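The chain contents come next:
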Amino acid sequence: MLAFSRRLLLFSSLLALAMAAWIITVERMRGMDAGPGTDLGSLGWYLGVWVTMMAGMMLPSVAPVALLFARVTAERARRKQSFVPVWVFVVGYLVVWTALGLVAYGLYRAVAASAGDLLAWDRGGPYVAGGAVAVAGLYELTPLKQACLRHCRTPLHFLLHGWRRGWAGAVRMGAEHGAFCMGCCWALMLALFALGLMSLFWMAALAGVIFLEKIAPGGERLTKVVAIAFVALGIWVAAAPDTVPGLTEPQGASMGMVGR
């Protein structure tokens, strides 16, 4: 009973952290959606938004893995072996997503500086945004996506046979799991950038897709449905963006807004 109570407390804590991250994200992003190409602002501002976004979107789906990690550490503690708190594993997981956010920021700045008017919404913007969404759909069908999704859905083998001792080992295990998760979801993040990083609508929609693929029974088969839906959405964005529900079209000729 005590072990069950501890697992319930851990699960509730992770969901509470995810809820808090959503509340902070909604507060910071309200009214900021400028659609595809939304300017990311300063690095510090963007990084704060990105980390809270990832916590809100990813913690619900990583909760089952954290519970398994807690079960293994509890068993090690019972056997008088070394163990570390679960939050160390979660920190390692979030470090990977933070690193991805930094890479994405650098790529965004590089593309924005070199593309000129090619990405303007009255020129190639809709085709670039639609193409990115379609690429996210096609990635759903790749072997790499399937392999990473299998790991995320059934991580017990990883935890039992890839166990690393100490705090550094827990951070590394969290980072390794985060790398698989990134391999599973990076294209969905690309779609979020394409549709509007500050869009609460698309953030919630993609968070739902990620959760269902990783947690729901038969979630691995959902990738085919997601692939068709995203390819169709990409074509829709490219052909008639003004009719796409939830899509905010950039104002003026440029994809983006004034930086903060």
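Residues numbered from 1 in each chain as written. Predicted model: local features only at pLDDT ≥ 70, side-chain atom pairs only at ≥ 80, totals over all residues. Heavy atoms only, no water.

(A) View of the overall build of the protein chain. Check the secondary structure of the protein chain and you find 9 helices and 0 strands. In sequence order, the secondary structure elements of the protein chain are arranged as α-α-α-α-α-α-α-α-α. The globule rule puts the C-alpha radius of gyration for 260 residues at 18 Å, and the 19 Å found for the protein chain is close to it. Judged by the C-alpha coordinates and their principal axes, the protein chain covers about 65 × 40 × 30 Å. Burial analysis of the protein chain (260 residues in total) assigns 47% to the buried set. Summarising the internal contacts of the protein chain: among those between residues at least 6 apart in sequence, 81% fall at separations of at least 24. (Helix = DSSP H or I, 4+ residues; strand = E, 2+ residues; numbered from the N terminus. Rg over C-alpha atoms; globule rule 2.2 N^0.38 Å. Buried < 20%, exposed > 50% of the residue type's maximum accessible area, 1.4 Å probe, protein only. Contact = heavy atoms within 4.5 Å.)

(B) Up close: empty space enclosed by the protein. Applying the stated criterion across every chain, the model contains 1 cavity of 30 Å³ or more. By volume, the largest cavity is sized at about 40 Å³. Of all the secondary structure elements, the ones that give two or more residues to the lining of the largest cavity are helix H2 (43-78) and helix H7 (166-195). The greatest single-element share of the lining of the largest cavity, amounting to 3 residues, is contributed by H2. Here the lining of the largest cavity is built from residues that sort into 5 nonpolar, 2 polar and 1 charged. (1 Å grid on protein atoms, 1.4 Å probe; cavity = no way out; pocket = protein on both sides within 12 Å on 5 of 7 lines; lining within 4 Å. Points joined across faces, edges and corners; volume = space filled by probe spheres on them. Nonpolar A, V, L, I, M, F, W, Y, C, P; charged D, E, K, R; others polar.)

(C) Structural detail: the environment of Leu233. Residue position: Leu233 is located in helix H9 (residues 222-239). Classification of Leu233 as buried rests on a relative accessible area of 14%. Separated by 71 residues in the primary sequence, Leu233 and Gly162 have C-alpha atoms spaced 39 Å apart. Residues contacting Leu233, with those up to four places away along its chain left out, are Val133, Leu195, Trp202 and Val244.

(D) How the structure looks around the side chain of Thr52. You can see Thr52 is positioned in helix H2. Its relative accessible area of 17% is what places Thr52 among the buried residues. Polar contacts involving the side chain of Thr52 include one to the main-chain carbonyl oxygen of Gly48, which spans 3.0 Å. Within the structure, the side chain of Thr52 is placed 2.9 Å from the backbone oxygen of Val49, a separation counted as a polar contact. (Polar contact = N/O pair within 3.5 Å; in protein donor to acceptor, adjacent residues only side chain to side chain.)

(E) Quick look at the packing of aromatic side chains. Counting across every chain of the model gives 8 aromatic pairs. A ring pair is formed by Phe69 and Trp163, whose centres lie 5.0 Å apart and whose planes are at 25 degrees; its orientation type is stacked. In this pair, Phe69 sits in helix H2 while Trp163 sits in the loop between helix H6 (156-161) and H7, placing the two residues 94 residues apart along the sequence. Among the aromatic side chains, those forming a connected cluster through ring pairs are Tyr46, Trp50, Tyr105 and Phe193. (Phe/Tyr/Trp six-rings, centres within 6.5 Å; stacked < 30°, edge-to-face > 60°.)

(F) Structural context of the pattern of salt bridges. Applying the stated criterion across every chain, the model contains 8 salt bridges. Arg30 is the partner of Glu27 in a salt bridge, and the nearest nitrogen-oxygen pair spans 3.3 Å. There is no split in this pair, since Glu27 and Arg30 are both exposed. One salt bridge connects Glu140 with Lys145, and the closest N-O pair in it is separated by 3.1 Å. Assessed through its relative accessible area of 0%, Glu140 is described here as buried. (Salt bridge = Lys/Arg side-chain N within 4 Å of Asp/Glu carboxyl O.)

(G) Representation of the confidence of the model for the protein chain within the structure. Of all residues in the protein chain, 93% attain a pLDDT of 70 or more, and the chain-wide mean is 88. Mean pLDDT across the elements of the protein chain bottoms out in H6 (80) and peaks in H9 (97). Low pLDDT, under 50, characterises residues 253-260; the stretch is placed with 28 contacts to residues that sit more than four places away or in other chains. (pLDDT = per-residue confidence, 0-100.)

(H) Structural view of the packing of helix H8 (residues 200-215) against H9. At a closest axis distance of 10 Å, the pairing of H8 and H9 adopts a crossing angle of 155 degrees. Considering their axes alone, H8 and H9 lie roughly antiparallel with respect to each other. For the pair H8 and H9, the crossing hand works out as left-handed. On H9, the residues that touch Trp202, Leu206, Val209, Leu212 and Glu213 of H8 are Leu222, Thr223, Val226, Phe230 and Leu233. (Axes fitted to C-alpha atoms, helices over the stretch in contact; angles between N-to-C directions. Parallel < 35°, antiparallel > 145°, perpendicular 65-115°, else oblique. Left-handed = near helix turned anticlockwise from the far one by under 90°.)

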